[in-house]
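# Descriptive structure summary
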Amino acid sequence: MLAQSFGCARFVWNNTLAYRTEAYQQRGETLTHSAAEKRLVALKAEYPWLKDVSSVILQQALRDQKAAFDNFFNPTLKARYPRFKAKNGRQSIRLTRAAFRYRDGEITIAKTKTPLPIRWSRPLPGAPSSVTISRDRAGRYFISCLCEFTPEPLPFSPNTVGIDLGLTDLFITSQGQKSGNPRYLKRYAAKLAYLQRRLSKKQRGSNNRHKMRRKVARLHAKIADCRRDAMHKATRTLVNENQVICVETLNIVGMLKNKTLARAISDAGWGEFLRQLAYKADWAGQQLIQVSRWLPSSKTCHHCGHKIKKLPLSQRHWHCDGCGQAIDRDINAARNIETAGRAG
């Protein structure tokens, strides 16, 4: 039933997207969301197998497509044009309360009689208003439940910390702590290259190619899981121990254009690290202060404020001409970020 639901939702998305694109390119027409829902009735009549799954799944697919187009036409978001969904890509369906039943900690979706065999990662705070079931490229199934949640703020802490993000160390605090960088992608790079070479030699459309694609996807999933787990532990520790967290606003998209450092920056996951810090600090009642990216945090001595003109990326230590202090580049930057956050 889940595989059939994924397929029906994907078909409705692709068919409607093709119709929207063709109508605009050939006739200059714009298909509204209400017109797309009316067209769904005709699709069910033309393809009777669409009735085998809950109609809520198909309606949610159209709502998701409407949201994708709204984001595309919003100039502030700079989202790309909605794309077609592939059968071997990530699959997902969303169900509202009319399409599932939650009872005694079990969820049963429409058109089925058996509850889903869910292994819960945590107890739900209440009855979910909607659920999203997804399957990743590695063949793993996940369910995400939308519930009302009231976060409890943490006790007040007098600590304030400045954080500088880097590549040798994922983050450096103003207290001098260096986290190190596990570099998960680099750790599994040789095995990943081996599996990808084997995948390239398999005949397209064959079962062996499908099995090898699944192996490559599982390794990618393992790398992502390791990175995500380490970030959750690090960000949770930082939020629990500090009342105020000062970070630097980085232009990560612009940094990724540097072909020499793009892979290392992506493997570090700075964007995900900052995202987790933001929502966890908000839940815990802590304050996250973002400092301007133009702050010369590495080139300014945190002792006397003396600023040097040039500091190559390869130079990790330098001596201040103003006060004579031996300065660690990363710790100095973290302390300057903390000072700027306190002042701001």
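Per an unreviewed UniProt entry, the chain carries the name RNA-guided endonuclease TnpB family protein and comes from Halomonas cibimaris.

Okay, the side chain of R10 next. Inspection of the secondary structure puts R10 in helix α1 (residues 2-27). Buried within the structure, R10 lacks any salt-bridge partner; its nearest side chain of opposite charge belongs to D136, at an N-O separation of 13 Å. Contact partners of R10, with chain neighbours within four places excluded, come to K85, A86, K87 and Q91.

Right, let's talk about the packing of helix α2 (residues 33-46) against helix α3 (residues 55-73) for a bit. At a closest axis distance of 10 Å, the pairing of α2 and α3 adopts a crossing angle of 145°. When you trace α2 past α3, the crossing you get is right-handed. Between α2 and α3, the residues in contact are H33, A36, E37, L40 and K44 and S55, L58, Q59, L62, R63 and K66, respectively. A breakdown of the residues in the contact of α2 with α3 according to their chemical character gives four nonpolar, three polar and four charged.

Counted as a void, the largest pocket has a volume near 1,900 Å³. Every residue lining the largest pocket is counted, 41 residues in all, and those nearest its centre are S121, R122, F142, I143 and S144. Of all elements in the fold, only β4 (130-135), β5 (141-146), α6 (207-241) and α9 (270-284) reach the threshold of two or more residues within the lining of the largest pocket. Here the element with the most residues in the lining of the largest pocket is α6; it accounts for seven residues. Its residues placed into classes, the lining of the largest pocket shows 21 nonpolar, seven polar and 13 charged. Volume-wise, the second largest pocket comes out at about 820 Å³. Along its surface, the second largest pocket is lined by 28 residues, and L165, M255, S298, L313 and R329 are the ones closest to its centre. Sorting the residues of the lining of the second largest pocket by element identifies β6 (160-165) and α10 (329-343) as the ones contributing at least two each. Of the residues in the lining of the second largest pocket, the class split is 13 nonpolar, seven polar and eight charged.

All right, on to the UniProt feature "domain: Cas12f1-like TNB" (unreviewed entry) in the chain then. UniProt feature "domain: Cas12f1-like TNB" (unreviewed entry): in the numbering of this structure it lies at residues 270-337. End C-alpha atoms of residues 270-337 are separated by 16 Å, and the span's content is 35% helix alongside 16% strand.

The subject of this paragraph is α1. With 26 residues, α1 extends 37 Å from end C-alpha to end C-alpha; this agrees with the ideal 38 Å at 1.5 Å per step. Residue G28 follows α1 closely and has a positive phi angle near 70°.

Note that strand β2 (residues 100-103) and strand β3 (residues 106-109) share four bridges and pair antiparallel. Paired with R103 across the strands is E106, a residue of β3. Here β2 folds back onto β3, and the loop between the two strands holds two residues, one of which, D104, carries a positive phi near 55°.

In space, the three strands of this open sheet follow the order β1-β4-β5, with antiparallel pairing throughout. Bordering the open sheet on either side are β1 (91-96) and β5, each of which pairs with just one other strand. Neighbour-to-neighbour, the strand axes of the sheet open up by a mean angle of 15°, direction not taken into account. Two strands pair when backbone bridges link them, and β4 and β5 are joined in this way by six bridges, in the antiparallel orientation. Bridging across to β5, S134 finds its partner in F142. Its contacts with the sheet put α1 on β1, β4 and β5, and the angle it makes with β1 is roughly 95°.

Rules used in this analysis
- Residues numbered from 1 in each chain as written.
- Predicted model: local features only at pLDDT ≥ 70, side-chain atom pairs only at ≥ 80, totals over all residues.
- Heavy atoms only, no water.
- Helix = DSSP H or I, 4+ residues; strand = E, 2+ residues; numbered from the N terminus.
- Buried < 20%, exposed > 50% of the residue type's maximum accessible area, 1.4 Å probe, protein only.
- Lys, Arg positive; Asp, Glu negative; His and termini not counted.
- Salt bridge = Lys/Arg side-chain N within 4 Å of Asp/Glu carboxyl O.
- Contact = heavy atoms within 4.5 Å.
- Axes fitted to C-alpha atoms, helices over the stretch in contact; angles between N-to-C directions.
- Left-handed = near helix turned anticlockwise from the far one by under 90°.
- Nonpolar A, V, L, I, M, F, W, Y, C, P; charged D, E, K, R; others polar.
- 1 Å grid on protein atoms, 1.4 Å probe; cavity = no way out; pocket = protein on both sides within 12 Å on 5 of 7 lines; lining within 4 Å.
- Points joined across faces, edges and corners; volume = space filled by probe spheres on them.
- UniProt positions renumbered as here; feature names shortened; annotations may be inferred.
- Expected span 1.5 Å × (residues − 1).
- Pairing = 2+ DSSP bridges.

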